[in-house]
Amino acid sequence: MTPSDETGSGAGWLALFLVLVLAVLAFAVALATAIGDYSIGLRTVTLAITNGLGLTGADIPPIEESVVWDLRLSRALVAALAGAGLAICGAILQALLRNALAEPFVLGVSAGASTGAVCVIVLGIGAGSLSLSAGAFAGAFAAFALVAILSNGATSGPNHTILAGVAASQLFNALTSYVVTTSGNAQQARDVMFWLLGSFGGVRWPDFQLLCAVVICGLAICLWMARALDAFTFGDEDAAALGVPVARIRLILFAVTAMMTATIVSMVGSIGFVGLVVPHAARHLVGPLHLRLLPACAAVGAVFMVLADIASRVIVAQQTIPIGVVTALVGVPFFAIILYRSRPQT
Amino acid sequence: MSVVASNLVWGVRRKRIVSDVSLSVAQGETLGLIGPNGSGKSSLLRLLAGLRRPQSGRVEISGQDISQIPRRALARQLAFVQQNAATDTNVSVRDVVRLGRTPHRSALSGWSAVDELAVASALERVDMTDRRAQPWQTLSGGERQRVHIARALAQSPRVMFLDEPTNHLDIHHQIEILRMVRDLDLTSIVALHDLNLAALFCDRIAVLQNGVLVACGRPAEVLTQSLLRDIFRVQAEVNNIDQTGRPHIRFKTG
C-alpha cells in the first residue's frame, strides 16, 4: 500500500477506500434518516427512500414516508454535501496558502455571511428564510470582494492574502456585534447565535439541488486543476517554473472556494472545524496528491458531517445542539490524535 | 539551445536591481553568475527564466522571445532550481520528481511511459533511485538539493537555471552537484558564491555588481586580482596552476 503512487496498487487502494467510505456514507445517511424524535425502523427508511426514487411501491404509513423523504433525507443529504464542500475548500486553501491552519473561512466569507444574516434577522432587511440566505450570501461575497481587493487579486503572496482575510473577518465580525448590541433584543441575539453555530433544521429539497450543483461543479473545477495544485508544493515561484499560470489558478480557485463556502454558510450557517480537520485526516489516508486527496476529502467530509448531525440530535434528548458545537467537540479530540501521531520524531 | 539576453532592466519601485544587462550563452555551455550579495544575481536569473518580466529588454532562447512563449511551453524547455525550496507537505522523493512532469501533462492525461522514463532517469542521474520512496522531510540538505535537480531534469529541459545550488552543502556535495551540472548535456546558468568552484566548473563567468554586468569571459580572463579587489573587496592571489586555464584563488587575511 503506497498512497503516493498514482498508478497500480495506489489507484486500487484509493478506489477501495472511496467505495468503503461511500458505503459508510450510505449507512450514515440511512441512520440519520431513521433517528429523530419520531424513530423509524431502518427497513421502513429504506423502503421510503426506494419509494421516493420510484424504485418500489411498498405500502408504508404515509406519515413515516413523508418524514423520511420530505424532512430527514433532504437534511441528511444537505449535511453530506456541506461536509464534502467544506472539506474540499479546506484542502484547496491549505494548498494555495501553503498553511496548515487554512480553512474555508480564512478568506472572511463566514464573517461576511454572518453580517448579512444579522442584517436580515435584526434589522429586518427583507423577510422570511429565503432572504436570510440571500442576505448571508451577499455578505459573504462582500467579504470575499474586500479580501480580493486588499490582497491585489491574491497576487501578493499567501501571507498577504491570509492577513487580508483576517482583516476582513475582524471588520465583519465587528459589524455583526455592532448591529446585535445596538439593535437586537435578547431573543434576536439568541437567534443570531444559533444561526452562527450552524443548523440543518429547515433545509429541504431545493436547498439540496442548489448545493448539489455548486459542490459538484466546484469539485469538478478543483479536480481539473489538481495537478496545478500539486505544483504549489514548493511555493508560487516554483509552480510558475513548472509552467503553472499561478495568478490565474489562484484567482479561479479562490473564487470557487468562496462560492462553495458562501453557498454552504448561507444555507446552514458557519460550521467550523470540518474544513480544517478533514483535509489533514484525508492526507493521512491517501497522501498529498490532490487528484486523490480531493475525492477523499469530499467522502470523509460528507461522512463526518452526517455523523455530527446525528450526534447533534441525540446527545441531548428532545433538543438539537448547534452542529458547529458538535463538529468542534468531536473534531478536536480527533485532531489531537492526528497532531500527536504526526509530531516530529526528534 | 542558446540563451541571449539583451539590455535587461528590472527593479522595484525606484530602485534599479538589474540595469542594462546583455549576455549570451551558447548551446551546452555552463555559465557561472557571480557577484557580491545584493548584486542582482537572483533577480537576473529570474528574468532569464521568464519568472519575472523585465521592464525593458528581452530574453531569447534559440532566437525566440520568451515573453511570446506560453508559460507551460516555456517550462518544457527550461527548468529553474530555486535555492532552499522547502515544504511542510509530507511528500516522497518520487512525488517531488514527478512534479517535473507537470508541464508535459494536460489535466486529463494519464501517467505515460515517457513520464515514467523521465522520472526514473532523473532519479538515476542524481543517484536517488534507491531513496525514491523516502519522505522529503527526512532528507539532508544535500539530498534535497539533488532531488530538486532531479525534478528539474524530469522536465526534460534544454536550459537549466540554478540559484546558488551549493548553498549550505559540504564541500563534497558542492563539487558533486556542480560536476553533475557541468556534465549534463544542457545549457546552464548557475549563480554561485564560491569563486574557486565557479572557476573549476564553469566554461565562462559573468560578474555582476549593483545590477551591472562588469565582466564576462573565461575564468582565467575574469578572475583577476584587480577584479577581486574592486568588486569583492578582498585581497587575493590568483594562480593559474595548470594548462586548463582554471585559476585558483588564494585569499589573504590582511
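Here the structure is a predicted model, which is why all the values come from computation and not from measurement.

What counts and what doesn't
- Per-chain numbering applies: the sequence of each chain, read as written, is numbered from 1 onward.
- Whichever chain is written first becomes A and whichever ligand is written first becomes 1, with later ones labelled in order.
- Totals for whole chains, interfaces and linings use every residue, but because this is a predicted model, local features are given only for residues with pLDDT of at least 70 and side-chain atom pairs only at 80 or more, for both listing and counting.
- Calculated side-chain values reflect all of the structure's heavy atoms, with hydrogen atoms and water omitted.
- Salt bridges are defined by distance alone: a side-chain nitrogen of Lys or Arg within 4 Å of a carboxyl oxygen of Asp or Glu.
- Strands here are runs of E lasting at least two residues and helices are runs of H or I lasting at least four, both read from the DSSP assignment and numbered beginning at the N terminus.
- Only protein chains enter the accessibility calculation, which uses a 1.4 Å probe. A residue is then buried if its area is under 20% of the maximum for its type, exposed if over 50%, and partly exposed in between.
- Surface patches are drawn from residues lacking salt bridges whose relative accessible area is over 30%; two like charges belong together within 9 Å, two nonpolar side chains (Val, Leu, Ile, Met, Phe, Trp, Tyr) within 5 Å.
- Accessible surface area values rest on a Shrake-Rupley calculation with a 1.4 Å probe, where residue burial reflects the displayed protein chains alone.
- Paired strands are those between which DSSP finds at least two bridges.
- Note on geometry: axes are lines fitted to C-alpha atoms, helical ones only across the stretch in contact, with angles between N-to-C directions running from 0 to 180 degrees.
- Contact definition: two residues touch when any of their heavy atoms are within 4.5 Å.
- Pairs of N or O atoms are called polar contacts if they sit within 3.5 Å, as long as, within protein, a hydrogen donor faces a hydrogen acceptor (for residues adjacent in sequence, only side-chain-to-side-chain pairs).
- Relative orientations are named as follows: roughly parallel for angles under 35 degrees, roughly antiparallel for angles over 145 degrees, roughly perpendicular for angles from 65 to 115 degrees, and oblique for any other angle.
- Note on residue classes: Ala, Val, Leu, Ile, Met, Phe, Trp, Tyr, Cys and Pro are nonpolar, Asp, Glu, Lys and Arg are charged, and everything else, Gly too, is polar.
- Put simply, buried area is the surface a 1.4 Å probe can reach on two separate parts but cannot reach once they are joined, added for both.
- For cavity detection a 1 Å grid was placed over the protein atoms alone, and a set of points counts as a cavity when a 1.4 Å probe fits there but cannot get out; an open set counts as a pocket when protein lies on both sides within 12 Å along at least five of seven lines, with lining residues being those that have an atom within 4 Å of a point.
- Grid points are joined across faces, edges and corners, and a volume is the space filled by probe spheres set on the points.
- In this document the domain limits rely on a domain assignment from an automatic tool or a database.

### So, the pattern of salt bridges
All names here are of chain B.
Okay, step 1: According to the stated counting rule, one finds 17 salt bridges over all chains in the structure shown.
Okay, step 2: When the shortest N-O distance is used, the salt bridge between Arg-105 and Asp-115 registers 3.9 Å. Placement of the pair is Arg-105 in the loop between helix H3 (93-99) and helix H4 (113-125) and Asp-115 in helix H4, with a sequence separation of ten residues.
Okay, step 3: Arg-105 sits in the buried class, given a relative accessible area of 8%.

### Considering a nonpolar patch on the surface
Okay, step 1: Among the surface-exposed residues, Val-314, Ile-315 and Val-316 of chain A lie close enough to one another that they form a single nonpolar patch of about 240 Å² accessible area.
Okay, step 2: Mapped onto the elements, Val-316 of chain A comes out in the loop between helix H13 (290-314) and helix H14 (323-341).

### A short note on the sheet that holds strand E10 (residues 212-217) of chain B
Residue and element names in this part refer to chain B.
Okay, step 1: Strand order in the open sheet formed by six strands is E6-E7-E8-E3-E9-E10, and the pairing between neighbours is mixed. Edge positions in the open sheet fall to strand E6 (78-81) and E10, since each of these has one partner strand only. Averaged over all pairs of adjacent strands, the angle between their axes in this sheet comes to 15°, without regard to strand direction.
Okay, step 2: Sheet topology places strand E9 (residues 204-209) next to E10; five bridges connect them, and they run antiparallel. Bridging from a neighbouring strand, Val-207 pairs with Ala-215 of E10.
Okay, step 3: Each of strand E3 (30-34), E6, strand E7 (159-163), strand E8 (187-191) and E9 touches helix H1 (residues 41-48); the most contacted strand, E7, lies at about 155° to it.
Okay, step 4: Of the strands in this sheet, E3, E7 and E8 are in contact with helix H6 (residues 171-183), which crosses E8 at around 150°.

### With respect to the environment of Asp-194 of chain B
Residues and elements named next belong to chain B.
Okay, step 1: Take Asp-194: it is sitting in the loop between E8 and helix H7 (195-201).
Okay, step 2: Taking the relative accessible area as the measure of exposure, Asp-194 reaches 32% and is therefore partly exposed.
Okay, step 3: It is 20 Å that separates the C-alpha atoms of Asp-194 and His-148, two residues lying 46 residues apart in sequence.
Okay, step 4: Looking at Asp-194, its side chain comes within polar contact range of the main-chain nitrogen of Leu-197, at 3.0 Å.

### Some words on the packing of helix H2 (residues 42-52) of chain A against helix H3 (residues 62-96) of chain A
Residue and element names in this part refer to chain A.
Okay, step 1: Interaxial distance between H2 and H3 falls to 9 Å at its minimum, and their mutual angle equals 75°. Considering their axes alone, H2 and H3 lie roughly perpendicular with respect to each other. Listed contacts from H3 to Thr-44, Val-45, Ala-48, Ile-49, Asn-51 and Gly-52 of H2 are Glu-64, Glu-65, Val-68, Trp-69 and Leu-73.
Okay, step 2: Classifying every residue of the contact of H2 with H3 by side-chain character gives six nonpolar, three polar and two charged.

### With respect to the interface of chain B and chain A
Okay, step 1: The interface is formed by 34 residues belonging to chain B together with 21 residues belonging to chain A.
Okay, step 2: Counting each side, the surface lost to burial between chain B and chain A is near 2,300 Å², with a carbon and sulfur contribution of 56%.
Okay, step 3: Contact with chain A buries area across many residues of chain B, yet Arg-71, Leu-99 and Ala-107 of chain B alone supply 21% of it, more than any other trio.
Okay, step 4: One can count two salt bridges joining chain B with chain A.
Okay, step 5: One salt bridge connects Arg-46 of chain B with Glu-237 of chain A, and the closest N-O pair in it is separated by 2.5 Å.
Okay, step 6: Along the contact surface separating chain B from chain A lie eight residue pairs in polar contact (both at pLDDT 80 or more).
Okay, step 7: Taken together, the elements giving at least two residues each to the side of chain B that touches chain A come down to helix H2 (71-75), E6, H3 and helix H5 (141-154) of chain B.
Okay, step 8: The element that contributes the greatest number of residues to the side of chain B that touches chain A is H3 of chain B, accounting for five residues.
Okay, step 9: By residue class, the composition of the side of chain B that touches chain A is 14 nonpolar, eleven polar and nine charged.

### Quick notes on the pairing of strand E2 (residues 15-25) of chain B
All names here are of chain B.
Okay, step 1: As defined by bridge partners, strand E1 (residues 3-12) adjoins E2 across seven bridges and the pair is classed as antiparallel. Bridging from a neighbouring strand, Val-3 pairs with Val-25 of E2.
Okay, step 2: In sequence, E1 turns back onto E2 through a hairpin of two residues, with Arg-13 there showing a positive phi of about 50°.

### Some details on the side chain of Thr-166 of chain B
Okay, step 1: Relative to the helices and strands, Thr-166 of chain B resides in the loop between E7 and H6.
Okay, step 2: Excluding its chain neighbours within four sequence positions, the residues that come into contact with Thr-166 of chain B are Gln-174, Leu-178 and Leu-192 of chain B.

### Section: empty space enclosed by the protein
Okay, step 1: The tally for this structure, following the rule as stated, stands at two cavities of 30 Å³ or more.
Okay, step 2: Looking at the largest cavity, its volume works out to about 100 Å³.
Okay, step 3: Residue lining of the largest cavity: eleven residues in total, with Arg-227 and Asp-230 of chain A together with Arg-98, Leu-99 and Arg-105 of chain B positioned closest to the centre.
Okay, step 4: Residue assignment for the lining of the largest cavity shows that the elements contributing at least two residues are helix H9 (226-230) of chain A together with H3 of chain B.
Okay, step 5: Among the elements that line the lining of the largest cavity, the one with the most residues is H3 of chain B, at three residues.
Okay, step 6: Split into classes, the residues belonging to the lining of the largest cavity amount to three nonpolar, one polar and seven charged.

### Some details on the domain arrangement of chain B
Residues and elements named next belong to chain B.
Okay, step 1: In terms of domain boundaries, chain B breaks down into domain 1 (3-77 + 158-251) and domain 2 (88-156).
Okay, step 2: For domain 1 versus domain 2, the separation of C-alpha centres amounts to 25 Å.
Okay, step 3: Carbon and sulfur atoms make up 65% of the surface buried where domain 1 meets domain 2, a total of about 1,300 Å² over both sides.
Okay, step 4: The largest share of the area that domain 1 buries against domain 2 comes from Arg-72, Arg-76 and Met-180, three residues that together contribute 37% of it.
Okay, step 5: Across the domain 1-domain 2 interface, the total number found is zero salt bridges.
Okay, step 6: Our count for the contact surface shared by domain 1 and domain 2 stands at five residue pairs in polar contact (both at pLDDT 80 or more).

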